[in-house]
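If you want the building blocks of each chain, they are given just below.
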Amino acid sequence: MREFCYRFYKNKLAFLGFIILFIFLVMAIFAPYLAPYDPFQMDPQAMLQPPGADHLFGTDQFGRDILSRIIFGSRISFKVGLISVGLSLIVGVSMGIVAGYYGGWLDNLISRIMDVMFSFPQIFLALVIMAVLGTSSTNLMLAIGLVYIPIFGRIARASVLSIKDSLYIEAANSIGVSNLIIMLRHILPNIMAPIIVQTTLSFGFAIRAEAALSFLGLGVEADIPSWGIMLNQGKDWMEMAWWNAVFPGLSATLAILSFNILGDGLRDALDPRLRNEGE
Amino acid sequence: MWRYITKRILIAIPVLIGISIVAFFLIRLVPGDTVTALLGANYNQEQAAALRADYGLDKPLITQYLIWVKNLLKGDFGHSFFTNQAVSSSIMERLPVTFELMIMSFIYCLLIAIPLGAVASLKKNSLLDYLATIFGLLGVSIPNFWLATILILVFSLHMGWFPSGGFVSFFADPIANLRYMFLPSIALGASVGAVVMRMTRSSMLEILKQDYIEMARAKGVSQKILIISHALKNALIPVITVLGIQMGYLLGGSVIIEQIFSLPGIGRLALQAITNRDYILMQGSILFVAAGFVIINLLVDLIYALINPQIRY
């Protein structure tokens, strides 16, 4: 653990990502106290105001303060990320462990289901699921969660296959430890490294997917201040008010970038063999 | 080799069957009935029953599925409920646009990402390497729909260099076509280019450490031949796999990019079908996109097996 912390701390870029995400998290939790204005409050006197002292990021076509909406938007992004990634993590890892541990027809069945889910471009599958379920925050989290299940499933299955023939698993089996206990106590803790990395990266994917689907009008409800909804509404006004389209996208990019560099850093710190930069 | 090809094709068959099941039954989960959606609020039961019989919707679901698959095998994807146009002809009309968008994004990757990755690896820890790393990180982090918006804002609305949307066929006016496709292909290809650049750089760094590179250098092989014939040639093997996988993602990303730039491609067709609740068109386009994705991945695997002698048949 100490070695991990040292390696992680030494990676300046990953540490920067961690700090930025921490700021976003504080923003999301304390949004009502940090936002300078009510994100829903319309002000006809302040429509499409450029960035300035009163409104740091300007206002939208209804006179709403963009900075306040971005601060509240971070709540939606993090909530969608947390719940959807949580769903794919729990379901995907469970399926992957069961498939890898039991093998045989169960492995075949689960792997083929994963193959079929993998056959759809992720954003496209999420789009179709949203069309089926209808637009709402809950459905959005479900759609994004479903789409990322096979990624976790494949990683967990591959990791299980690499350790299932280890002596300690064989020993636990031979003294009569139940399969469930073996999977939970002996396998799961030993396959956590790649899963932690994937979880971090998936947060970035989930934020991107939420913004993309909301941008297309198939994400959260239109009255919710999400970064995607803000971009969707802001693009119609961008010729005369560029800040409408720039700041929400910049926030989304910064959050995704932070998750990506944090994920890269965690991968390097947790398991140097997984490094892909070739250094 | 033939055994490997046959095995890969056989594995793809159950996946394609699975895709057809998902495409068919997922649409049936949409709340409401197609017929009531078509007839609107004021309809009578007789009209509804007649229409249901017309479309074969009165049959059990399994029978409907089997009829659909049977027709699919004959190349008949059905007819749009709203326009009555054959789904296959709608797809074929729009396929060239999506294909061109993907190819242009792909070319952009080849022309910029691979050379940039290779040069960054040769000049490790230089300013160029840092710039390439920033490009790589930003490329994989910027949502493509936001990049598209910014490109429109800067290069269309402010500078007026490129149109902000629309399409002209290449055969009607090649120059206009390239102007219309330039910004969409950059927006779509940026993330793929970033992934390819990062992969090229890391792959080259690995290769440059190998003994045979040292040996070639010791034998006096010129730097140019060493890099192009010895290092880059071998470094590109894993890059090709990534490039192939990313081709599939280009197909998914085209849904959003085509919508933003008003390009009449497959992605926009699928999105329109979703928005209009045009179920037959929806299941046809879902099937087409997913099958395209599987076929691209299959081709990548086969190309990889051909170029990489380490693959066991």
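These numbers were taken from a predicted model, which means no experiment stands behind them.

Further remarks concern the overall build of chain B. Each helix and strand counted, chain B has 12 helices and 0 strands in total. Each helix and strand of chain B, ordered N terminal to C terminal, gives the series α-α-α-α-α-α-α-α-α-α-α-α. Along the longest, intermediate and shortest principal axes, the C-alpha atoms of chain B span 85 × 55 × 35 Å. Counting contacts in chain B only where the partners sit at least 6 residues apart, residues at least 24 apart contribute 74% of the total. With an accessible surface of roughly 15300 Å², chain B has 67% of that area assigned to carbon and sulfur atoms. Looking at chain B, you have 22 positive and 15 negative side-chain charges, and the mean spots of the two groups are 12 Å apart.

This part covers the packing of aromatic side chains. All names here are of chain A. Within the structure shown, the criterion is met by 19 aromatic pairs over all chains. Between the aromatic rings of F203 and F259, the centroid separation amounts to 5.1 Å while the plane-to-plane angle is 10 degrees, which identifies the pairing as stacked. Pair noted here: F203 is in helix α10 (residues 192-215) and F259 is in helix α12 (residues 243-270), with a separation of 56 residues, a long-range link. On the accessibility criterion, F203 (14% relative accessible area) is buried.

Moving on, we get to the UniProt feature "transmembrane region" (unreviewed entry) in chain A. Residues and elements named next belong to chain A. Summarizing the sequence annotation, UniProt attributes the feature "transmembrane region" (unreviewed entry) to residues 12-35, 82-102, 123-151, 171-188, 200-220 and 240-263 in the numbering used throughout. In residues 123-151, helix accounts for 90% and strand for 0%; the two terminal C-alpha atoms are 14 Å from one another. Across residues 240-263, the secondary structure splits into 88% helix and 0% strand, with the terminal C-alpha atoms separated by 38 Å.

Here we take up a nonpolar patch on the surface. All names here are of chain B. Side chains of I240, I295, L299, I303, L306 and I307 sit close together on the surface and give an oily, nonpolar patch of about 520 Å² of accessible area. Residue contributions to the nonpolar patch peak at 5 residues, all from helix α12 (residues 279-307). Residue placement: I295 occurs in helix α12.

Below, the discussion takes up empty space enclosed by the protein. All names here are of chain A. Applying the stated rule across the entire model yields 1 cavity of 30 Å³ or more. D60, Q61, R64, I66, R69, M230, Q233, G234, N244 and P248 are the residues that line the largest cavity. Listing elements by their share of the lining of the largest cavity, those giving two or more residues are α4 (66-102), α11 (227-234) and α12. Considering every element that reaches the lining of the largest cavity, the biggest residue donor is α11, with 3 residues. A breakdown of the residues in the lining of the largest cavity according to their chemical character gives 3 nonpolar, 4 polar and 3 charged.

Let us look at the UniProt feature "domain: ABC transmembrane type-1" (unreviewed entry) in chain A. Here the UniProt-annotated "domain: ABC transmembrane type-1" (unreviewed entry) positions come out as residues 74-263 of chain A. In this annotation, residues 74-263 of chain A is assigned 81% helix and 0% strand; the end-to-end C-alpha distance for the span is 19 Å.

Those places that UniProt annotates as "domain: ABC transmembrane type-1" (unreviewed entry) correspond, in this numbering, to residues 95-304 of chain B. A helix fraction of 84% and a strand fraction of 0% characterise residues 95-304 of chain B, whose end C-alpha atoms lie 26 Å from each other.

Right, let's get into the UniProt feature "transmembrane region" (unreviewed entry) in chain B. All names here are of chain B. What UniProt calls "transmembrane region" (unreviewed entry) maps, in this numbering, to residues 9-30, 101-122, 134-158, 178-197, 235-257 and 286-307. For the annotated span residues 9-30, helix accounts for 91% and strand for 0% of the residues, and the straight-line distance between the end C-alpha atoms is 32 Å. The annotated region residues 235-257 carries 100% helix and 0% strand content, and the separation between its end C-alpha atoms amounts to 31 Å.

Moving on to the confidence of the model for chain B. All names here are of chain B. Considering every residue of chain B, the mean pLDDT works out to 84; 96% of them sit at 70 or more. By mean pLDDT, helix α2 (residues 34-39) is the weakest element of chain B at 71, and helix α7 (residues 144-158) is the strongest at 91. Taken together, the chains of this predicted complex give a pTM of 0.85 and an interface ipTM of 0.85.

With 155 residues, the main nonpolar core has I187 of chain A together with F145 and F261 of chain B as its most contacted residues. Element by element, the count of residues in this core is highest for α4 of chain A, at 12 residues. Those residues in contact with I187 of chain A that sit more than four places away from it in its chain are I97, Y101, V160, I163, I169 and I182 of chain A. If you look at the next biggest cluster of nonpolar residues, it comprises 11 residues, including L208, I227, A231 and L232 of chain B.

Moving on, we come to the interface of chain B and chain A. The interface is formed by 46 residues belonging to chain B together with 40 residues belonging to chain A. Buried area between chain B and chain A, both sides added, is near 3900 Å², and the carbon and sulfur share of it is 76%. Scanning the region where chain B abuts chain A turns up 1 salt bridge. Among the salt bridges present, the one from D264 of chain A reaches R198 of chain B, with a minimum N-O distance of 3.0 Å. At the boundary of chain B with chain A, the tally comes to 4 residue pairs in polar contact (both at pLDDT 80 or more). Elements with a contribution of two residues or more to the side of chain B that touches chain A: α1 (2-28), α6 (127-141), α7, α8 (174-208), α10 (223-260), α11 (266-276) and α12 of chain B. Of the residues assigned to the side of chain B that touches chain A, the class counts are 32 nonpolar, 8 polar and 6 charged.

The rules we used
Residues numbered from 1 in each chain as written. Chains lettered and ligands numbered in written order. Predicted model: local features only at pLDDT ≥ 70, side-chain atom pairs only at ≥ 80, totals over all residues. Heavy atoms only, no water. Helix = DSSP H or I, 4+ residues; strand = E, 2+ residues; numbered from the N terminus. Contact = heavy atoms within 4.5 Å. Areas by Shrake-Rupley, 256 points an atom, 1.4 Å probe, with all protein chains shown as cover. Lys, Arg positive; Asp, Glu negative; His and termini not counted. Charge placed at Lys NZ, Arg CZ, Asp CG, Glu CD. Phe/Tyr/Trp six-rings, centres within 6.5 Å; stacked < 30°, edge-to-face > 60°. Buried < 20%, exposed > 50% of the residue type's maximum accessible area, 1.4 Å probe, protein only. UniProt positions renumbered as here; feature names shortened; annotations may be inferred. Patch = residues over 30% accessible without salt bridge, like charges linked within 9 Å, V, L, I, M, F, W, Y side chains within 5 Å. Salt bridge = Lys/Arg side-chain N within 4 Å of Asp/Glu carboxyl O. 1 Å grid on protein atoms, 1.4 Å probe; cavity = no way out; pocket = protein on both sides within 12 Å on 5 of 7 lines; lining within 4 Å. Points joined across faces, edges and corners; volume = space filled by probe spheres on them. Nonpolar A, V, L, I, M, F, W, Y, C, P; charged D, E, K, R; others polar. pLDDT = per-residue confidence, 0-100. Core = buried A, V, L, I, M, F, W, Y, C linked by side-chain atoms within 4.5 Å. Buried area = accessible area lost by both parts, 1.4 Å probe. Polar contact = N/O pair within 3.5 Å; in protein donor to acceptor, adjacent residues only side chain to side chain.

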